[in-house]
Amino acid sequence: MSGAMECVVAAKAALGEGPHWDHRKGRLYWMDVDSNELHLYDPGKGTDDIHSFERKVSAAVPAERGGWILTMEDGIYRYMEHQPVELLAAVETGIPGNRLNDAKCDSRGRLWFGSMNRRFAGRDGSLYVMESAGEVRQVLTGIGISNGLAWNDSLGVMYYIDTLTKGIDVMDYSLADGSVSGRRTVIRLAEGEGWPDGMTIDSEGMLWVAHWRGGCISRWNPHTGEQLEKIEVPSHYVTSCTFGGGNLDELYITTARGYMSAEEQERWPQAGGLFRFKPGVRGREANWAAF
């Protein structure tokens, strides 16, 4: 680590999640899921603008056709700033106990997203992909809490986290048609390390994983399963991370406050904030939605 941890937005978010760096506009998009909020953090201006909705929103990916593609609790929506959201695809409307969760785009602009049980229990969630033409395809079933996503196109692999397994999996991945196969676990968190949540990949192909109830971010070699670094974050509930900044050399970290006891809130007073630090390695540009 080459820099100190800094709280850049003392948001006290109930459930900060889904950070996405927009390299074209130099802004970070992140969510407070339980408050139905999309945040637009501009480090140049030092502002954090908030857009509120009637539904939970867990991810926002900028779209080539304008606005953002939002993963909301019951489906995929398009949002043009200060306009009503437009439903693109309803998902799992027949499973009221579920909601959609983490989402990212691959380098072809497909939107990958998953679902989870609202009570953090059971395995009736799934992983899906939405093609640029709007077709939604179910990829995996039997998922507990669908979370972190990352790709290494040069190796033809996709990394995936189902939080309840406490593992990070890899799948063989075809960029041409978006198919996956050969799912296997390459990293598993030990007891006492919390639960793997959001994830990103750096320029060296190493994975950065947020530890829910673990108070840290960790860096892993997915080829060997070796933990390379562990960076403490001033929050017990660390939810996700992504690289940002003009040189993609800053790691932005989201956290949660809404699940903490009064004692925990006293111990971690900055919990729910948006954090940033320089890890000494660069990331990769986040992909945009092709639709």
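Residues numbered from 1 in each chain as written. Predicted model: local features only at pLDDT ≥ 70, side-chain atom pairs only at ≥ 80, totals over all residues. Heavy atoms only, no water.

A. Expanded view of the pattern of salt bridges. Tallied over the entire structure, the rule returns 16 salt bridges. A salt bridge links Glu131 to Arg110, with the shortest nitrogen-to-oxygen separation between them at 3.2 Å. Residue Glu131 is located in the loop between strand 12 (125–130) and strand 13 (136–143), and its partner Arg110 is located in the loop between strand 10 (98–105) and strand 11 (111–117); the two are separated by 21 residues in the primary sequence. Classification of Glu131 by relative accessible area gives buried; the value is 18%. The partner of Arg123 in a salt bridge is Asp162, and the shortest N-O contact between them spans 3.5 Å. On the criterion of sequence distance, the pair formed by Arg123 in the loop between strand 11 and strand 12 and Asp162 in strand 15 (residues 157–162) is long-range, its members being 39 residues apart. On the basis of relative accessible area, Asp162 is assigned to the buried category, the value being 2%. (Salt bridge = Lys/Arg side-chain N within 4 Å of Asp/Glu carboxyl O. Helix = DSSP H or I, 4+ residues; strand = E, 2+ residues; numbered from the N terminus. Buried < 20%, exposed > 50% of the residue type's maximum accessible area, 1.4 Å probe, protein only.)

B. Spotlight on the side chain of Asp32. Note that Asp32 resides in strand 3 (residues 27–32). Here Ser35 takes part through its side chain, which lies 3.0 Å from a polar atom of the side chain of Asp32. In contact with Asp32, other than residues within four places in its own chain, are Ala13, Ala14, Leu15, Gly16, Glu37 and His39. (Polar contact = N/O pair within 3.5 Å; in protein donor to acceptor, adjacent residues only side chain to side chain. Contact = heavy atoms within 4.5 Å.)

C. Layout of the UniProt feature "domain: SMP-30/Gluconolactonase/LRE-like region" (unreviewed entry) in the protein. The sites that UniProt annotates as "domain: SMP-30/Gluconolactonase/LRE-like region" (unreviewed entry) are residues 15–257. Measuring from the first to the last C-alpha atom of residues 15–257 gives 6 Å, for a span that is 0% helix and 59% strand. (UniProt positions renumbered as here; feature names shortened; annotations may be inferred.)

D. Region of the structure containing the state of the cysteines. The final tally for this structure, using the stated rule, is zero disulfides. Left without a disulfide partner, Cys216 is nearest to the cysteine sulfur of Cys241, which lies 11 Å away. Since its relative accessible area comes to 1%, Cys216 is described here as buried. (Disulfide = S-S within 2.5 Å.)

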